[in-house]
Amino acid sequence: MLKKWTILLLAATLCFFAKAGAEEITIEEVRTQMGENTVAYPQLDGMEDEAVQQKINDDIVTSSGVTNHMVALFTLTGQQTLNVSYEAYLNDSIFSTVISARGRLPGVRDGHEYTALTYDLQTGERVTLDQLFTDPQAAVALMEEKAAAALGEEWNGYLEHSEITPLPVDSFTLDEHGITFWYPADQFALGSGYSGACQFWYEELKGLWISDPTPVLTVQEQKAAIEQSVSSGVMPHVPVWIGQSVQEVTDAYRLLRTPDEFPGGRYFLLEHPALRGVLVISDSLQAGYENSVVQGIQLRRGGLHGLLIGTSVREQWQAVLGAPESTVTMTQSMAYDYGLCEGSYDKYHFGKVELRLYADTNGVLYAIQLCN
C-alpha cells in the first residue's frame, strides 16, 4: 500500500471541499504562466454568503501583492525568474493559506517572501490568536521559548538572518497538524534563500487552546493507533516515512546542512517547518545518498498518539504498550555519540518496524524513534 503524507499543495486542476452547513465550498486556483515562471493564488467559491466570499477573495489579492507579482511576471528580463505558489487548508470554519513568492520581488532582484492569511468563514475577517488561545500572551511566550530552543540549536550559525524571536504573531496559518508562523526574510532567512517558518503541532500546545483539537483516546484506541503508525513506518504529522528515498526527501524539504554522523548512520535535518525537531535517519554511506532510503525517524517534539515528549513518563507508555521487549541504558558516552541525553530507551516491535521510546534519567520521554 502506498504511504504518503498530503501537505495540501494545490495543482492547477485540484480543489478541496469542505462542508459549512449546506455549503460546498471549493478552493479554486488562479494561475498565470509564462514559460517556467508562474503566479498562482487561491480563491474561494461556493459560499452562500457571497459578500463574505468576495471579502476574503479581495483580501487575498490585496494582501499577497498579486497585482505587483503579475506586473513583475510580464516584465521579467534576462535571467530573472518569478514563481508564486501556495498551500491551503479549508474546514467548516476557517480558510488558511500561505502564498510563497520567490524570484523578482518589489525592490529585490532575487528574494523570497511568505504571505500567511487565515480567515473566519462566518465573517470574512482575519483570525487572530485571541480567538485560538485562552491566554494568547502565555501561548506566545511558550512558543517563543520552544522556537528559540529548537531553531537556535538546529540553525544558528548557519543563517544570515536568525532572529527567531519575536514570533511573527500576525503571520500564521492553521491546518490539520497545527499552527505555523511564517517569518519575514529580513528577520529569519534560511541558507537556501527561503524565509524561515516555525510549526507547532496541536499537542505541543495542549491546554492552551480555547477548543483543544487533539482527540482524547482510550488506552485501547491509543495502543491501536500507535501500532498502526509504527507498523506503517510513519509518525503523526511527519511528511516522511520509512523506506522513502532520501533524495526525494531532501529535494522536497531542503537539506539544512551536511548530515550529522553517528555510529552506523546519519541524521538529516531539513528546512521545512513540518520537520522542525525531526531527525531523518539513513545509512552511513559516504559516497552520497542518492540511492539511500530512510531507515529511521526520530522525534524531538510532539508525540505519538498521546505519548507526549517532555510530559509522558515510562509508567504511562508501559501502561499502554505493556512491558518492553528490552531496555537499553544510554551511558554518557553513548548519549554523546548519538546526540541524545543520558537515560535509557524501551524497545517494541510492531510488524517489521522497531519503536524506541527514549527516557531521560528522570524517566521522562525525551525522544521517539522508528527504526527499520
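Structure first, text after, so check above.
So, here's what we can say about the structure. (Residues numbered from 1 in each chain as written. Predicted model: local features only at pLDDT ≥ 70, side-chain atom pairs only at ≥ 80, totals over all residues. Heavy atoms only, no water.)

## As for the overall build of the protein
For clarity, the threshold we go by: Elements are defined by DSSP. Helices are runs of H or I of four residues or more, strands are runs of E of two residues or more, and each kind is numbered from the N terminus. Here the radius of gyration uses the C-alpha set of atoms, whereas the globule reference equals 2.2 Å times the residue count to the power 0.38. The buried label applies to any residue whose accessible area, calculated with a 1.4 Å probe on protein chains only, is under 20% of its type's maximum; exposed applies above 50%, and partly exposed to all values in between. Here, residues are in contact when the closest pair of their heavy atoms is within 4.5 Å.
Broken down by element type, the protein carries seven helices and 21 strands. Radius of gyration (C-alpha) of the protein: 22 Å, near the 21 Å computed for a compact globule of 372 residues. For the protein, the spread of C-alpha atoms along the principal axes amounts to about 60 × 50 × 40 Å. Within the protein, the fraction of its 372 residues that count as buried is 52%. Sequence separation of at least 24 residues holds for 53% of the intrachain contacts in the protein that already meet a minimum separation of 6.

## Let's talk about the sheet that holds strand β13 (residues 265-268)
Definition in use: A pair of strands counts as paired when DSSP detects no fewer than two bridges linking them. Whenever a helix is involved, its axis is fitted only over the stretch in contact; in every case the axis is a line through C-alpha atoms, and angles between N-to-C directions fall within 0 to 180 degrees.
Ordered in space as β12-β13-β14-β15-β21-β20-β19-β18, the eight strands form an open sheet in which the pairing is antiparallel. One side of each edge strand has no neighbouring strand; the edge strands of this open sheet are β12 (260-262) and β18 (326-330). Between one strand and the next, the sheet's axes are offset by a mean angle of 25°, whatever the strand orientation. Running over the sheet, helix α6 (residues 314-321) touches β18, β19 (343-350), β20 (353-360) and β21 (365-371) and is turned about 15° from β19.

## Concerning the environment of W182
Just so we agree on the cut-off: Identification of polar contacts relies on pairs of N or O atoms within 3.5 Å, with a donor-acceptor requirement for protein atoms, meaning one able to donate a hydrogen and the other able to accept it, and with residues adjacent in sequence counted only if both atoms are side-chain atoms.
Within the element layout of this structure, W182 appears in strand β9 (residues 178-182). Each C-alpha atom of the pair W182 and H237 lies 18 Å from the other, and the pair is 55 residues apart in sequence. Excluding anything up to four places from it in sequence, W182 contacts V98, Y114, A116, P168, S171, F172, T173, G196, A197 and P273. A polar contact is formed between the side chain of W182 and the side chain of T173, at a distance of 2.9 Å.

## A closer look at the pattern of salt bridges
Any two side chains of opposite charge can pair, given that their charged atoms come close. What counts is decided by this rule: Each reported salt bridge corresponds to a side-chain nitrogen of Lys or Arg within 4 Å of a carboxyl oxygen of Asp or Glu.
Applying the stated criterion across every chain yields a total of 12 salt bridges. Across the salt bridge formed by R314 and D346, the nearest N and O atoms sit 3.1 Å from each other. Of this pair, R314 sits in helix α6 while D346 sits in strand β19, and the two are 32 residues apart along the sequence. One exposure class covers both R314 and D346, and it is buried. In this structure, a network of salt bridges that share partners links the residues E204, R276 and R301.

## Structural notes on the state of the cysteines
In plain terms, the rule: Only a pair of cysteine sulfur atoms within 2.5 Å qualifies as a disulfide here.
In total, this model carries zero disulfides according to the counting rule given. We note that C341 lacks a disulfide partner, and the nearest cysteine sulfur, in C371, lies 16 Å from it. Using a relative accessible area of 23% as the deciding quantity, one classes C341 as partly exposed.

## Some thoughts on the nonpolar core
Here is the rule we go by: Buried residues of nine kinds, namely Ala, Val, Leu, Ile, Met, Phe, Trp, Tyr and Cys, make up a nonpolar core once their side-chain atoms join them within 4.5 Å.
Ranked by size, the top nonpolar core spans 34 residues in total, and within it V238, V240, L321, L355, L357 and I368 carry the most contacts. The set of elements that each furnish at least two residues to this core consists of α4 (219-232), α5 (246-253), β14 (278-282), β15 (296-299), α6, β19, β20 and β21. Top contributing element to this core by residue count: β20, with four residues. L357 has contacts with L307, W317, L321, S344, Y345, D346, Y348, L365, A367 and I368, leaving out every residue within four places of it along the chain.

## Thoughts on the sheet that holds β9
Note on sheets: strands pair through backbone hydrogen bonds, and any given pair is parallel or antiparallel. On the basis of which strands lie adjacent, the open sheet formed by three strands has the order β8-β9-β11 and antiparallel pairing. Whereas interior strands pair on both sides, the edge strands pair on one side only; in this sheet they are β8 (172-174) and β11 (197-201). Neighbour-to-neighbour, the strand axes of the sheet open up by a mean angle of 15°, direction not taken into account. Across three bridges, the pairing between β8 and β9 is antiparallel.

## Concerning the pairing of β14
In terms of burial, β14 is a largely internal element, five of the five residues being buried. Going residue by residue along β14, you find V278, V280 and S282 tucked away on one face and L279 and I281 tucked away on the opposite face as well. In the sheet, β13 pairs with β14 via three bridges, with the strands oriented antiparallel. In the sheet register, Y267 faces β14, and the bridge partner there is I281. Pairing of β14 with β15, which is carried by four bridges, proceeds in the antiparallel orientation. Along β15, the bridge assignment pairs V280 with I297.

## Section: the packing of aromatic side chains
Just so we agree on the cut-off: Only centres within 6.5 Å qualify two rings of Phe, Tyr or Trp (six-membered ring in Trp) as a pair; their planes then separate them into stacked at under 30 degrees, edge-to-face at over 60, and tilted for everything else.
Across all of its chains, the model carries 10 aromatic pairs by this definition. With a centroid separation of 6.2 Å and 75° between ring planes, the pair formed by F181 and F200 is classed as edge-to-face. Linking F181 in strand β9 with F200 in strand β11, this pair joins segments that are 19 residues apart in sequence. Comparing F181 with F200, the two get one shared label, buried. Ring centres of F262 and Y338 lie 5.5 Å apart, and the angle between their planes is 45°; this geometry places the pair in the tilted category. Here Y338 lies in helix α7 (residues 332-338) and F262 lies in strand β12, a separation of 76 residues in the sequence. A residue is classified by how much of its surface remains accessible, and F262, at 14% relative accessible area, is buried.

## Section: the pairing of β11
Both faces of the sheet carry side chains from a regular strand, because those side chains alternate between them. Burial of β11 is extensive: five of the five residues sit out of reach of the surface. Residues A197, Q199 and W201 line one face of β11 and the alternating positions C198 and F200 line the opposite face, and both faces are buried. Two elements, β9 and β11, share five bridges in a ladder whose sense is antiparallel. When the sheet's bridge partners are listed, I179 is paired in β11 with F200.

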